[in-house]
Amino acid sequence: MKILDSTPKKDGYRMPGEFEEHSGAYMLWPQRPDNWRNGGKPAQQTFAKVAEAISKFEHITVGVNDDQYANARNMLSDDVEVIEISNDDSWIRDCGATFVKNDQGDLRAVDWTFNAWGGLVDGLYFPWDKDDRVAQKMAELEGTDRYRLDDFVLEGGSIHVDGEGTLITTEECLLSEGRNPQLSREQIEEVLKEHLNLEKIIWLKKGIYLDETNGHVDNIANFVKPGVVALAWTDDENDPQYKISKENLEILENATDAKGRKLKVVKMYVPKPILITKAESEGVDAVDGTLPRTEGERLAASYINYYTANGGIVFPLFNDPMDEKAKATLKELYPDREIIGVPAREILLGGGNIHCITQQVPKK
Ligand code: KQY
């Protein structure tokens, strides 16, 4: 498939909202022992549950390194397609392709540079070259031409769009030292507008407290549909999360989108602080250059990190009283979709959640 030297905006392609129809979704299989405890075994069980939940709604393909192919194939049902895609870790939201679509329903891929959330400045592991080739492989599998940005670092989890010209992101992430320090905020906006076909970018300040991705938006806020944003929230003014969420609430309530609409903001309450246990910490291999998992550290837990499938929502459960409230809020937000919770502590321990491990392909 070709590399294109134009831009999606010039060619009439836009990034659809995640809530628009999909032809399917991709995941990658977890295994690295310096990020996933106990050799990745507990995480693999959770990833399998997520894949099975998504397969109720749409086709799901799981990419696996060759040495895990037989195990993954064995752990996943026949409803899940399993193929070899070499990778460094399993965060396909971030290293995978962002698909754009034109009015005729043709798809193309945007292939951003991936540098493991900050490269040599504050990246989370080294090397990341296999991950950086995942988007190209997805484009090949989908039979789409591709816009490759060799000079622009971006992860899919750092953006959400409404499909109608508006994007939300965070300053904490997109203006971080480890992404595109050579570009000004205006230049970053320009690249996003050209490659996702946007008119308006809404900059939140920070992501979830202690998020190791430099505050990805997909853990703090999401477009439910054009004009409606869900925001991670706590009423506990003593929690550092409160100030972060409050600041973002004010930004969203005072913003208008690309169509000039005011946004409706719906609060999704975070669970009580979730801390890494001794056993969990000890289960992770300590490797220089990979973020350590230290006992007692607070994890960046948020129900916002859910996946929107055709006719369904797959969201993380944390064994917390807020699980039920999150489900009820999601049901109000998505009355026509089935809401499925998956116990997700094992994904959280790796530094992200269900949205981070999935990537949709829009329907042609
Ligand atoms: O939040 C995400 N989109 C990915 C988290 C990656 C964590 C790597 N340890």
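Calculation rules
Residues numbered from 1 in each chain as written. Predicted model: local features only at pLDDT ≥ 70, side-chain atom pairs only at ≥ 80, totals over all residues. Heavy atoms only, no water. UniProt positions renumbered as here; feature names shortened; annotations may be inferred. Helix = DSSP H or I, 4+ residues; strand = E, 2+ residues; numbered from the N terminus. Expected span 1.5 Å × (residues − 1). Buried < 20%, exposed > 50% of the residue type's maximum accessible area, 1.4 Å probe, protein only. 1 Å grid on protein atoms, 1.4 Å probe; cavity = no way out; pocket = protein on both sides within 12 Å on 5 of 7 lines; lining within 4 Å. Points joined across faces, edges and corners; volume = space filled by probe spheres on them. Nonpolar A, V, L, I, M, F, W, Y, C, P; charged D, E, K, R; others polar. Core = buried A, V, L, I, M, F, W, Y, C linked by side-chain atoms within 4.5 Å. Contact = heavy atoms within 4.5 Å.

- In the nomenclature of an unreviewed UniProt entry, the protein chain is known as Putative agmatine deiminase of Pediococcus pentosaceus.
- In its Sequence similarities (unreviewed entry) section, the UniProt record describing the protein chain reads: "Belongs to the agmatine deiminase family."

**Here we look at helix H2 (residues 41-55)**
Helical geometry note: an α-helix holds 3.6 residues per turn, so side chains three or four residues apart project in the same direction.
Link 1 in the chain: Between its terminal C-alpha atoms H2 stretches 21 Å, which fits the 21 Å expected from 15 residues at 1.5 Å a residue.
Link 2 in the chain: Listed in full, the buried residues belonging to H2 are Pro42, Ala43, Gln44, Thr46, Phe47, Ala48, Val50, Ala51, Ala53 and Ile54.

**Things to note about empty space enclosed by the protein**
Link 1 in the chain: Taken as a whole and assessed by the stated rule, the structure comprises five cavities of 30 Å³ or more.
Link 2 in the chain: Estimated volume of the largest cavity: approximately 110 Å³.
Link 3 in the chain: Taken together, 16 residues line the largest cavity, and the ones lying closest to its centre are Trp91, Trp117, Leu124, Glu212 and Gly350.
Link 4 in the chain: Of the residues belonging to the lining of the largest cavity, the class tally is six nonpolar, six polar and four charged.

**Digging into the nonpolar core**
Link 1 in the chain: With 51 residues, the main nonpolar core has Met27, Val50, Val62, Leu76, Trp91, Tyr125 and Ile347 as its most contacted residues.
Link 2 in the chain: For Val62, the contacting residues outside a window of four places in its chain are Met27, Leu28, Trp29, Ala51, Leu76, Val80, Glu81, Val82 and Ile83.
Link 3 in the chain: Core analysis: the second largest hydrophobic core is formed by 45 residues, Val224, Tyr242, Val270 and Ile276 among them.

**Brief notes about the environment of Tyr242**
Link 1 in the chain: Along the chain, Tyr242 falls in helix H10 (residues 240-253).
Link 2 in the chain: Accessibility expressed as a relative area gives 17% for Tyr242, which makes it buried.
Link 3 in the chain: If we ignore the near neighbours within four places in the chain, the residues touching Tyr242 are Trp233, Thr234, Asp235, Asp236 and Glu237.

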